[in-house]
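Each chain, letter by letter, is given below.
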Amino acid sequence: MNWLTPHLDPLVNQLSTCRNCLGANTTRNTNLPGRGAVVELLGHLVTLLFPGCHGHAPVVEELAGNELRALLQTVGETLEDHIRRVLCHACAHTPCAECGECGAKARASALKLLNTLPAIRECLREDILAAYEGDPAAHSTMEIAIAYPGLHAIAVHRVAHALHKDGVPLIPRIMSEHAHSLTGIDIHPGAQIGPGFFIDHGTGVVIGETCVIGRGVKLYQGVTLGALSFQKDGQGNLVKGGKRHPNVGDGVVIYAGATILGGETTIGDHSVIGGNVWLIQSVPPGSTVYNSQPAPVIKAKK
Amino acid sequence: MNWLTPHLDPLVNQLSTCRNCLGANTTRNTNLPGRGAVVELLGHLVTLLFPGCHGHAPVVEELAGNELRALLQTVGETLEDHIRRVLCHACAHTPCAECGECGAKARASALKLLNTLPAIRECLREDILAAYEGDPAAHSTMEIAIAYPGLHAIAVHRVAHALHKDGVPLIPRIMSEHAHSLTGIDIHPGAQIGPGFFIDHGTGVVIGETCVIGRGVKLYQGVTLGALSFQKDGQGNLVKGGKRHPNVGDGVVIYAGATILGGETTIGDHSVIGGNVWLIQSVPPGSTVYNSQPAPVIKAKK
Amino acid sequence: MNWLTPHLDPLVNQLSTCRNCLGANTTRNTNLPGRGAVVELLGHLVTLLFPGCHGHAPVVEELAGNELRALLQTVGETLEDHIRRVLCHACAHTPCAECGECGAKARASALKLLNTLPAIRECLREDILAAYEGDPAAHSTMEIAIAYPGLHAIAVHRVAHALHKDGVPLIPRIMSEHAHSLTGIDIHPGAQIGPGFFIDHGTGVVIGETCVIGRGVKLYQGVTLGALSFQKDGQGNLVKGGKRHPNVGDGVVIYAGATILGGETTIGDHSVIGGNVWLIQSVPPGSTVYNSQPAPVIKAKK
């Protein structure tokens, strides 16, 4: 018995009586996969998309045969398990009515995601090329696949968005928040983003749930594609629900720190939005938008 | 003997003669816990606050009994060890005078933190509810507990602040910088923050050491609550010491990219501060503050 | 045979026929070290620079003798292996012509980096002192070495820059992107940065490839030292190649959110650039620059 022992009983009581409190994931009440489990699953999915890039060594004959098959098996079974848990949690029946619906839907969704991977990989190929063409500092496409945070964020997004579109709750959000943690780029799984997408630097980028972004769009760090807030609402209330984030046309470039807000705001194809611009209205295709703010004051040394 | 061997002796000499240089943590000179050790401890504390959320699997019967007790024991003993080391390092006597004061204080502080955990958990319950009510994209409270970076940042802050208030050096800073690394949200352990606090997205948020923030406050990404700098001081000198960061009243909302500076700046209760606003003066309760900058220039395609 | 089995064959075919696609690192085609391997190597290099700081425990007699020698041996051999692979990949001959040039260059570069470590450590000593003097919230130099993201970013940069200057491709970029992921600070390995450099908070900082930064410079979060974009080019084209990022003189302070752009932009010694300033022209030594934007509108409660 050490100095701590006498103090443990009351603490155990206080912390475990919080059995029904918010923020506890238990087999009896919520039975969800933990964040660590979903992050591990995401790591496997990224390995399927970029074999040999994020681990320690290049793939011998590219996961040929048994290794690739084994990874797909693991990913498929884990997806089925995790999706079933999150569906049961979101289900109206608590505890689960054991109707079997969640299990059947989980299996179908897991298989659907696996079958979408080749198309996602093709889309990421266009994203890699867009980064290579769009960044004067990029020396090879492998540099982009291995090192670029913008590519990692869009890769995770394309997986998370496929799950989100298929009605899978929670798991896509855990995935996108993990990418956010690694890259500083926060893309909601609901956002629709065309191929050939490139985010350079990326820290501070926020892309909202109902954004619709065309093909070949390029963003820089600190760009927000968000909801209009009190600027439209004199009472300071947050606008909730429905379409609340902007549309961005094909080939648009948005420079660092620009903020574009509102569900009715549409940036026409091939427009260029300058750094730090604050934009809450639509602009026609081919527009160039920049700040008209006065130049900074420069005071010489006395 | 390989190609490297002949080159190692001079390098070993150069790198180890730097025995007294800055940036080396050795048993003889500093004897501090490493960052990795503190991060592991923090992981255990987060597990106590959100059981089953961040690991791989839900808790079976919520850490009931032995498992919870064992984790509390580990956390208590590790806290005692780490706090004793940082106190000895901060102590005027180098090497330690072995007076026993640091050891006694370490044990008391470790116990105090453990006994504060139930109150922290209750406070985080309010933070979860604030996020649920404040974000139209949140579908369940578990989504917030498992995935939201803003919740993670405030959870770590509430632990770090308790240690900081109790006079524990270094450890709170390592904890807050770890949360900063994961979330992009930089909250100094000294900041006082009321319950029901919600940061959405969060990347780039900076909250300074002497901030005092009320109940039910909501911030978005890129908000700085910082010290006034040369704007107040014609010679470009940093204002040091004392109260140097703002006060934020109850129910205030601060939109993305806003900067509020200065220890005498107070934002009255229920005010709303618009995106990108730069504010270095107090505003009364119920104020709405927004930028008056001219609209951006929109040039049509030629 | 479970439910997945019949679906695996077509997937294995589709994902492995992408053998020549972008984003796959295989022994036959690219044979590069994976990101995980480079990150592990970087961890060892950081341990050599800050012994005992980032692991679990302080160094016993500071890696004295055998331990330090063993780590140097590992680092040297790993560097040689990784550098040889990235040189072969960048080499015109694919597959490698086995001319031996890459191997010889790899060995020389690995040794060169090891021999640069003492000088890098000396430089970091000045960086630590600059942080200690520049931040009113810093209580000890160990706090900076263990916890400060700005110091971590500049430490990784000084290693990555040494490799970059020596003509090593890819590895420096993986290193700098790893630091970017941990700190939100994105410094291209090509940037030249003098000693005594301090970045406070740091999230969102971007420092471009051709920046030249003097001694004793201090930056805050969200500062961009970037390339001029369409502001100078009426057709919206990205300016590529050559010197495209600014020069920053000795003793300059740049406050949060400032943007300084262009390869011909020079900030004279000891200038102070205010928060959120947008600067695309040179300023003479000793300048003070701040925004002249109108004060925000403050509306009282009705």
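Keep in mind the model is a prediction, meaning the values are calculated, not measured. (Residues numbered from 1 in each chain as written. Chains lettered and ligands numbered in written order. Predicted model: local features only at pLDDT ≥ 70, side-chain atom pairs only at ≥ 80, totals over all residues. Heavy atoms only, no water.)

**With respect to the overall build of chain A**
Across its full length, chain A holds seven helices and 15 strands. Its C-alpha atoms give chain A principal-axis dimensions of roughly 70 × 55 × 50 Å. Among the 302 residues that make up chain A, the fraction classed as buried is 60%. Taking contacts inside chain A between residues at least 6 apart in sequence as the whole, the part at least 24 apart equals 48%. Of the roughly 11100 Å² of accessible surface on chain A, a fraction of 53% belongs to carbon and sulfur atoms. Positive and negative side-chain charges in chain A, numbering 23 and 25 respectively, have mean positions lying 7 Å apart. (Helix = DSSP H or I, 4+ residues; strand = E, 2+ residues; numbered from the N terminus. Buried < 20%, exposed > 50% of the residue type's maximum accessible area, 1.4 Å probe, protein only. Contact = heavy atoms within 4.5 Å. Areas by Shrake-Rupley, 256 points an atom, 1.4 Å probe, with all protein chains shown as cover. Lys, Arg positive; Asp, Glu negative; His and termini not counted. Charge placed at Lys NZ, Arg CZ, Asp CG, Glu CD.)

**Overview of the side chain of Ser181 of chain B**
You can see Ser181 of chain B is positioned in helix 7 (residues 171-183). Beyond its immediate chain neighbours, meaning those up to four positions away, Ser181 of chain B contacts Ser181 of chain A, Arg35 of chain B together with Ser181 and Leu182 of chain C.

**Structural notes on the pattern of salt bridges**
Scanning the entire structure with this criterion turns up 36 salt bridges over all chains. Between Asp166 of chain B and Lys112 of chain B there is a salt bridge, and its shortest N-O distance comes to 3.3 Å. Of this pair, Asp166 of chain B sits in the loop between helix 6 (149-165) and helix 7 while Lys112 of chain B sits in helix 4 (residues 101-134); the two residues are 54 residues apart in sequence, bridging distant segments of the chain. The class of Asp166 of chain B is buried, set by a relative accessible area of 17%. One connected set of salt bridges, linked through shared partners, spans Asp81, Arg84 and Arg85 of chain A. (Salt bridge = Lys/Arg side-chain N within 4 Å of Asp/Glu carboxyl O.)

**Side note on the relation of the copies chain A and chain B**
For the pair chain A and chain B, the relating rotation is 120°, the translation along its axis is 0.0 Å, and the fit reaches an RMSD of 0.0 Å. When the rotation and shift are considered jointly, the pair of chain copies conforms to a three-fold rotation axis. With a heterologous cut-off of 20% or less, the 7% of interface residues of chain A that recur at the interface of chain B puts this contact in the heterologous class. (Least-squares fit on C-alpha atoms with pLDDT ≥ 70 in both.)

**Focus: the relation of the copies chain A and chain C**
Rotating chain A by 120° and translating it 0.0 Å along the rotation axis places it on chain C, where the RMSD comes to 0.0 Å. In this assembly the copies use different faces: only 7% of the residues contributing to the interface of chain A also contribute to that of chain C.

**Brief notes about the sheet that holds strand 2 (residues 192-193) of chain C**
Residue and element names in this part refer to chain C. Here we have four strands laid out as an open sheet, ordered 2-5-8-11, and parallel in their pairing. Each end of this open sheet is capped by a strand with a single partner; those strands are strand 2 and strand 11 (266-267). Sheet topology places strand 2 next to strand 5 (residues 212-213); two bridges connect them, and they run parallel. Paired with Gln192 across the strands is Val212, a residue of strand 5. (Pairing = 2+ DSSP bridges.)

**A short note on the interface of chain A and chain C**
Counting from both sides, the interface comprises 72 residues of chain A and, opposite them, 69 residues of chain C. Both faces combined, the contact of chain A with chain C buries some 6100 Å², and carbon together with sulfur accounts for 61% of it. The partner of Arg173 of chain C in a salt bridge is Glu143 of chain A, and the shortest N-O contact between them spans 3.1 Å. Inspection of the chain A/chain C interface yields 27 residue pairs in polar contact (both at pLDDT 80 or more). Within the residue set of the side of chain A that touches chain C, elements represented by two or more residues are helix 3 (66-90), helix 4 (101-134), helix 5 (141-147), helix 7 (171-183), strand 12 (272-273), strand 14 (288-290) and strand 15 (297-299) of chain A. Here the side of chain A that touches chain C gets 13 residues from one element, more than from any other, and that element is helix 4 of chain A. Within the side of chain A that touches chain C, the residues separate by chemical class into 39 nonpolar, 20 polar and 13 charged. (Buried area = accessible area lost by both parts, 1.4 Å probe. Polar contact = N/O pair within 3.5 Å; in protein donor to acceptor, adjacent residues only side chain to side chain. Nonpolar A, V, L, I, M, F, W, Y, C, P; charged D, E, K, R; others polar.)

**Some thoughts on the domain arrangement of chain A**
Residue and element names in this part refer to chain A. Splitting chain A by domain gives domain 1 (23-184) and domain 2 (204-302). A C-alpha centroid distance of 29 Å is found between domain 1 and domain 2. On the side of domain 2, six residues touch domain 1, which itself brings four residues to the contact. Inspection of the region where domain 1 meets domain 2 yields one salt bridge. In this structure, Arg215 and Glu126 form a salt bridge, with 3.5 Å as the shortest nitrogen-oxygen distance. If you look at where domain 1 meets domain 2, you find three residue pairs in polar contact (both at pLDDT 80 or more). A per-class count over the side of domain 1 that touches domain 2 returns no nonpolar, three polar and one charged. (Domains from an automatic or database assignment.)

**Remarks on the environment of Ala155 of chain B**
Residue and element names in this part refer to chain B. Examined against the element boundaries, Ala155 turns out to sit in helix 6. In this structure, the C-alpha to C-alpha distance between Ala155 and Gly184, residues 29 residues apart in sequence, is 14 Å. Apart from residues lying up to four places away in sequence, Ala155 is in contact with Phe50 and Leu124.

**Here we look at the packing of helix 2 (residues 35-49) of chain A against helix 3 of chain A**
Residue and element names in this part refer to chain A. The interhelical angle for the contact between helix 2 and helix 3, taken along N-to-C directions, is 145°, at an axis separation of 10 Å. With respect to the hand of their crossing, helix 2 and helix 3 are arranged in left-handed fashion. Across the interface between the two elements, Ala37, Val38, Leu41, His44, Leu45, Thr47 and Leu48 from helix 2 touch Leu68, Leu71, Leu72, Thr74, Val75, Thr78, Leu79 and His82 from helix 3. Of the residues that constitute the contact of helix 2 with helix 3, the class distribution is ten nonpolar, five polar and no charged. (Axes fitted to C-alpha atoms, helices over the stretch in contact; angles between N-to-C directions. Left-handed = near helix turned anticlockwise from the far one by under 90°.)

**Here we look at the sheet that holds strand 9 (residues 253-254) of chain A**
What the six strands build is an open sheet, ordered 3(A)-6(A)-9(A)-12(A)-14(A)-15(B); its pairing is mixed. Both outer strands of the open sheet, strand 3 (198-199) of chain A together with strand 15 (297-299) of chain B, are each paired with one neighbouring strand and no more. Summarising the sheet, strand 14 of chain A and strand 15 of chain B pair through three bridges and their orientation is antiparallel. Across the sheet, the residue bridging to Thr288 of chain A is Lys299 of chain B, located in strand 15 of chain B.

**A look at empty space enclosed by the protein**
Following the criterion strictly, the structure yields 14 cavities of 30 Å³ or more and no others. Of the voids in this model, the largest cavity is the one considered here, and its volume is about 120 Å³. What lines the largest cavity is a set of 18 residues, among which Ser181 and Gly184 of chain A, Ser181 and Gly184 of chain B together with Gly184 of chain C lie closest to the centre. Sorting the residues of the lining of the largest cavity by element identifies helix 7 of chain A, helix 7 of chain B together with helix 7 (171-183) of chain C as the ones contributing at least two each. (1 Å grid on protein atoms, 1.4 Å probe; cavity = no way out; pocket = protein on both sides within 12 Å on 5 of 7 lines; lining within 4 Å. Points joined across faces, edges and corners; volume = space filled by probe spheres on them.)

**Describing the interface of chain A and chain B**
Facing 69 residues of chain A, the contacting portion of chain B comprises 72 residues. Where chain A meets chain B, there are two salt bridges. With its nearest N and O atoms 2.1 Å apart, the salt bridge here joins Asp9 of chain A to Arg69 of chain B. Remark: the boundary between chain A and chain B carries 27 residue pairs in polar contact (both at pLDDT 80 or more).

**Observations regarding helix 6 (residues 149-165) of chain A**
Spacing of three or four residues puts side chains on the same side of an α-helix, whose turn is 3.6 residues. Residues and elements named next belong to chain A. Over its 17 residues, helix 6 runs 24 Å from end to end, which matches the ideal 24 Å to within 8%, given 1.5 Å per residue. Burial runs high along helix 6: 15 of the 17 residues are buried. Just beyond helix 6, the residue with positive phi is Gly167, at close to 85°. (Expected span 1.5 Å × (residues − 1).)

**Looking at the packing of helix 2 (residues 35-49) of chain B against helix 4 of chain B**
All names here are of chain B. Interhelical geometry of helix 2 versus helix 4 gives an angle of 55° and a closest axis separation of 10 Å. By the angle between their axes, helix 2 is oblique relative to helix 4. Relative to helix 4, the crossing made by helix 2 is right-handed. Touching Leu45, Leu48 and Leu49 of helix 2 are Leu113, Leu117, Ile120, Arg121 and Leu124, all from helix 4. (Parallel < 35°, antiparallel > 145°, perpendicular 65-115°, else oblique.)

**Quick notes on the confidence of the model for chain A**
Predicted coordinates in areas of low pLDDT are best not read in detail. Mean pLDDT over chain A works out to 91, with 91% of the residues at or above the 70 mark. Across the predicted assembly, pTM comes out at 0.95 and ipTM at 0.94. (pLDDT = per-residue confidence, 0-100.)

**Describing the side chain of Asn291 of chain B**
Tracing the sequence through the fold places Asn291 of chain B in the loop between strand 14 (288-290) and strand 15. Ignoring any residue separated from it by four or fewer positions in sequence, one finds Asn291 of chain B in contact with Gly275, Asn276, Val277 and Trp278 of chain B together with Pro296 of chain C.

**A short note on unusual backbone geometry**
Residue and element names in this part refer to chain B. Located in the positive-phi region is Asn276, a residue other than glycine, with phi close to 65°. Examined against the element boundaries, Asn276 turns out to sit in the loop between strand 12 (272-273) and strand 13 (278-279). For Asn276, a relative accessible area of 25% corresponds to the partly exposed category.

**Looking at the nonpolar core**
By size, the foremost hydrophobic cluster in this structure holds 257 residues, and its most contacted members are Met175 and Ile207 of chain A, Met175 and Ile207 of chain B together with Met175 and Ile207 of chain C. If near-sequence neighbours (up to four positions away) are discounted, Met175 of chain B is found in contact with Val38, Leu41, Leu42, Leu45, Val156, Val159, Ala160 and Leu163 of chain B. Listed in part, the five residues of the second largest apolar core include Tyr220, Val253, Ala256 and Val272 of chain B. (Core = buried A, V, L, I, M, F, W, Y, C linked by side-chain atoms within 4.5 Å.)

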